[in-house]
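Structural overview for review
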Amino acid sequence: ESGKRAATVTFAQTDAVEGETPLTCSITITQVTPLVHWAADMRFNRLFPKWDGANGGPGACTEFTLESLVYITEFPSSQTLATLMGIEGQFLLRFGDSGVPLNNLQIATSCGNHHVTEVTFEANRWYHIAVTFANGGAKVYVDGEMVSEKTEFKGGYSWSPTYLTSVNLSPAWSYEPNGNRAFWMGYAYDQNRSLPGYMTEIRIWTKALTADEINAENHFYNVDPASEGLFSYWKFTEGEGETVADKTANGNTLYGETDIAKDPVTEANKGPAGIEWFKVALPDR
């Protein structure tokens with residue numbers, strides 16, 4: 001059907017007691033063509049753009065969307081924070097915090113935090129997570145459903161603005177001397193906040209996607225690199241190597257480092273260049 005093969009397999013009990021109806025179980029098997037073949041293992045590893053493309057980074061954005069497919073292998077009791085992506089102290093998507101369970105998502109900003117208590121994430125399954133920012137507020141989508149909303153981010157720290165109206169998504173990349181934070185995936189502040197799982201289909205948009213756009217057919221697994229407002233799109237098609245190509249014309253390469261640890265001489269958190277590739281087949285239904 002439609003070029004795909006399918007079959008229904010029925011298992012029937014052969015030792016039923018006389019007079020009883022044999023138990024049966026039917027399973028339908030349908031051929032699926034994977035749209036995503038590779039992910040990055042983020043455990044004590046990290047990914048990051050240096051914003052070295054022809055047009056640099058997105059800069060200060062009053063609207064944007066951060067999205068990715070995410071798989072958590074476990075929520076270790078020894079870990080209180082696990083980073084998804086963003087900029088420490090500015091706009092960061094992470095799991096957990098002081099007083100927040102590790103299986104809850106949090107948006108941590110320069111003007112306060114938003115705890116997503118409506119969803120308790122489970123280990124060993126894929127989620128599509130999209131967070132949009134517009135008009136000073138944020139919406140959180142999990143598997144296409146808008147599960148939480150923060151209408152405004154206000155206050156926070158003595159050095160922060162009263163309200164969060166824009167975020168510079170592309171501060172200069174560095175190993176963060178003097179606390180100058182960069183944009184990371186799977187890392188923030190130190191190696192103890194790595195993501196215990198996998199990431200793929202990472203995208204940054206300079207517009208707030210609508211619910212209809214997020215729920216468009218196959219959006220979780222593939223989008224047109226020329227889509228309006230899509231600034232960087234890392235699709236993980238390589239399966240090997242130390243970098244992931246940006247599928248958009250902006251050409252911001254995604255770099256990787258493994259086994260992040262504090263350098264005993266410089267005290268910077270570093271790791272060998274590289275990505276730990278993980279084979280997947282998504283959609284996994």
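This text gives an overview of the structure that appears in the document. (Residues numbered from 1 in each chain as written. Predicted model: local features only at pLDDT ≥ 70, side-chain atom pairs only at ≥ 80, totals over all residues. Heavy atoms only, no water.)

1. Some points on the pairing of strand β17 (residues 230–234)
Of all five residues in β17, five are buried; the element is thus mostly enclosed. Pairing of strand β16 (residues 197–205) with β17 involves four bridges; the strand directions are antiparallel. Directly across from R203, in β17, lies its bridge partner Y233. (Buried < 20%, exposed > 50% of the residue type's maximum accessible area, 1.4 Å probe, protein only. Helix = DSSP H or I, 4+ residues; strand = E, 2+ residues; numbered from the N terminus. Pairing = 2+ DSSP bridges.)

2. What about the state of the cysteines?
By definition, a disulfide is the covalent link that joins the sulfur atoms of two cysteine residues. Following the criterion strictly, the structure yields zero disulfides and no others. Distance from the sulfur of C61, which forms no disulfide, to the nearest cysteine sulfur (C111) is 16 Å. Assessed through its relative accessible area of 4%, C61 is described here as buried. What makes C111 buried here is its relative accessible area of 2%. (Disulfide = S-S within 2.5 Å.)

3. Things to note about the pattern of salt bridges
Taken as a whole and assessed by the stated rule, the structure comprises ten salt bridges. Linking E67 and R203 is a salt bridge whose minimum nitrogen-to-oxygen distance equals 3.1 Å. Of this pair, E67 sits in strand β6 (residues 64–72) while R203 sits in strand β16; the two residues are 136 residues apart in sequence, bridging distant segments of the chain. Here the two residues E67 and R203 agree in accessibility, since each one is buried. (Salt bridge = Lys/Arg side-chain N within 4 Å of Asp/Glu carboxyl O.)

4. Side note on the pairing of strand β3 (residues 36–41)
Note: β3 against strand β22 (residues 277–282), four bridges, orientation antiparallel. When the bridges of β22 are listed, V36 appears paired with L282. Two strands pair when backbone bridges link them, and β3 and β16 are joined in this way by two bridges, in the antiparallel orientation. Opposite D41, over in β16, you have Y198 as the bridge partner.

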